[in-house]
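So you can see what is in the structure, the chains are spelled out below.
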Amino acid sequence: MVETLATLVPNAGALNLAVLEALDQLGLGVLVKNMGTGRYEVSNASAARILGVEPQAVVGAQDSELFDVNLSMAIRAADLQAQAVPSGVRAEHKLEIGGERRDLLVWRQPVSIGNTPHLLSVWQDVTQIRQREQQLQTALSQLEQQQKANEALRRDVQDNQVRDTVSGLYHRAHFEEQLRREADLSSREQREFALVAIAVDNMDEIRRLHGVEGCERVVESLGRLLRANTRAMDSPCRLGGDRFVVLLSGVGLATAHSRMEHLRRACTQHIVPFNGQQIPFTVCMGVSSFPHTAGSVEELMRSADRALSSARDKGGNRIVLASIQFVPAT
């Protein structure tokens, strides 16, 4: 109590007593412990309230009489640390009051009263502050998750505008734009890129045996295989029906053939489950390159289509490379 402090510290003065009264009005608990006996000699009303005990129960009591063993040991360790730091230290404690956990912030300052070392401690119940911080953190986390969900939805909407819903591949319009950009870049930097025309073999037979939905499952599977076997800078596209095309950025005929051969084999080994049955499928491909087999975008497409037709004529399930143009010396 304030009067007790005035008794213990004769030179406390009216100003210090007013400060202690103000701390009490602010809900800050003030305790003074005799470090020789380990007993509290001063306690204001706020300290008793924070500790969940009657005001008269604090003065004269030791920590072991007020708290459980674990908290008593934690307070003892904090007191010893504060004694070694004249400028004071701050610590946090958790206290169980009436089945509810309370978060307490404590400032400890060593003081001398007579010839006996004492410890002044100011206690603040920060439970509501911590709860509000947690609520704010939860709200910010939820807001971040909502922003991520909105961004994912925005990307999905954009993807739906440029991607085929069955295969997950780009539509023709997006592909043609990428093709023009790649041709411009290759012309400026004098580098190659490849174009691969792809068709599913015997799609009419698959449609006859398994219907339109069976064909869609094949297209869906091929779309996944194409996405798995191309890079982020490549542009796989579904032109429509059983026709597909892939732009392979920055590679020539040999590299394009090697990569597409891996895809062809993956298709051969892939089985599409449908209505309790299995639908095998193969593909044929025609590969052209810019500028070696064609010097313009239009001719590049025609060159790949001619190579694809040749692969079909040879029975499918194969890759045919477009012929390299030889320009006679002048």
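Residues numbered from 1 in each chain as written. Predicted model: local features only at pLDDT ≥ 70, side-chain atom pairs only at ≥ 80, totals over all residues. Heavy atoms only, no water.

K.L.:
Lay out the nonpolar core in plain terms, naming residues and giving numbers.
P.N.:
With 30 residues, the main nonpolar core has Ile-198, Val-200 and Phe-281 as its most contacted residues. Those elements giving two or more residues to this core turn out to be strand E6 (193-200), helix H9 (203-228), strand E8 (243-248), helix H10 (253-269), strand E9 (271-274) and strand E11 (283-290). Dropping the residues within four chain positions of it, Val-200 is found in contact with Ile-206, Val-218, Leu-222, Asp-242, Phe-244, Phe-281, Thr-282, Val-283 and Arg-312. Counting residues in hydrophobic clusters, the runner-up holds 21 residues, among them Ala-197, Val-245, Leu-308 and Val-320. (Core = buried A, V, L, I, M, F, W, Y, C linked by side-chain atoms within 4.5 Å. Buried < 20%, exposed > 50% of the residue type's maximum accessible area, 1.4 Å probe, protein only. Helix = DSSP H or I, 4+ residues; strand = E, 2+ residues; numbered from the N terminus. Contact = heavy atoms within 4.5 Å.)

K.L.:
If you had to explain the pairing of strand E5 (residues 116-125) to someone new, which residues and values would you point to?
P.N.:
In this structure, strand E1 (residues 29-34) lies alongside E5, joined through 6 bridges in antiparallel fashion. Each residue of the ladder has a partner; that of Val-30, found in E5, is Val-122. Bridge count between strand E4 (residues 100-113) and E5: 10 bridges; the pairing is antiparallel. Each residue of the ladder has a partner; that of Leu-104, found in E5, is Asp-125. Linking two consecutive strands that pair antiparallel, namely E4 and E5, is a turn of 2 residues; a positive phi of about 70° is found at Gly-114 within it. (Pairing = 2+ DSSP bridges.)

K.L.:
With reference to specific residues and values, describe the sheet that holds strand E12 (residues 319-321).
P.N.:
Judged by pairing direction, the sheet is mixed, and its 5 strands sit side by side in the order E7-E8-E6-E11-E12 without closing on themselves. Edge positions in the open sheet fall to strand E7 (235-240) and E12, since each of these has one partner strand only. Strand-to-strand, the axes of this sheet are offset by a mean angle of 20°, without reference to chain direction. As paired elements, E11 and E12 share 3 bridges and run parallel to each other. Along E12, the bridge assignment pairs Gly-286 with Val-320. Docked against the sheet, helix H11 (residues 297-313) engages E6, E8, E11 and E12, running at close to 150° with respect to E11. (Axes fitted to C-alpha atoms, helices over the stretch in contact; angles between N-to-C directions.)

K.L.:
Pulling in residues and values, what's your account of the packing of aromatic side chains?
P.N.:
Within the structure shown, the criterion is met by 1 aromatic pair. Over the ring of Tyr-170 we find Arg-163; its NZ or CZ atom is 4.3 Å from the centre of that ring. (Phe/Tyr/Trp six-rings, centres within 6.5 Å; stacked < 30°, edge-to-face > 60°. Lys NZ or Arg CZ within 6 Å of the ring centre and 35° of its normal.)

K.L.:
Which residues make up the confidence of the model for the chain, and what values do they have?
P.N.:
When the pLDDT values of the chain are averaged, the result is 85; 89% of them are 70 or greater. Mean pLDDT across the secondary structure elements of the chain bottoms out at helix H1 (residues 2-8), with 44, and peaks at E6, with 96. (pLDDT = per-residue confidence, 0-100.)

K.L.:
Could you give me a rundown of the pattern of salt bridges, with the residues and numbers involved?
P.N.:
Inspection of the entire model under this criterion finds 27 salt bridges. The shortest N-O distance in the salt bridge between Arg-208 and Glu-205 comes to 2.5 Å. Residue Arg-208 and its partner Glu-205 are located together in helix H9, separated by 3 residues, close to a single helical turn. A relative accessible area of 58% means that Arg-208 is categorised as exposed. The class of Glu-205 is partly exposed, set by a relative accessible area of 36%. Because the salt bridges share partners, they merge into one network encompassing Lys-33, Asp-63, Asp-79 and Arg-108. (Salt bridge = Lys/Arg side-chain N within 4 Å of Asp/Glu carboxyl O.)

K.L.:
Give a detailed account of the environment of Val-320, specifying residues and quantitative values.
P.N.:
Among the secondary structure elements, Val-320 is positioned in strand E12. For the pair Val-320 and His-257, spaced 63 residues apart in sequence, the C-alpha to C-alpha distance is 8.6 Å. In this view, Val-320 contacts Met-285, Gly-286, Val-287, Ala-307, Ser-310, Ala-311 and Lys-314; residues no more than four positions away in its chain are not counted.

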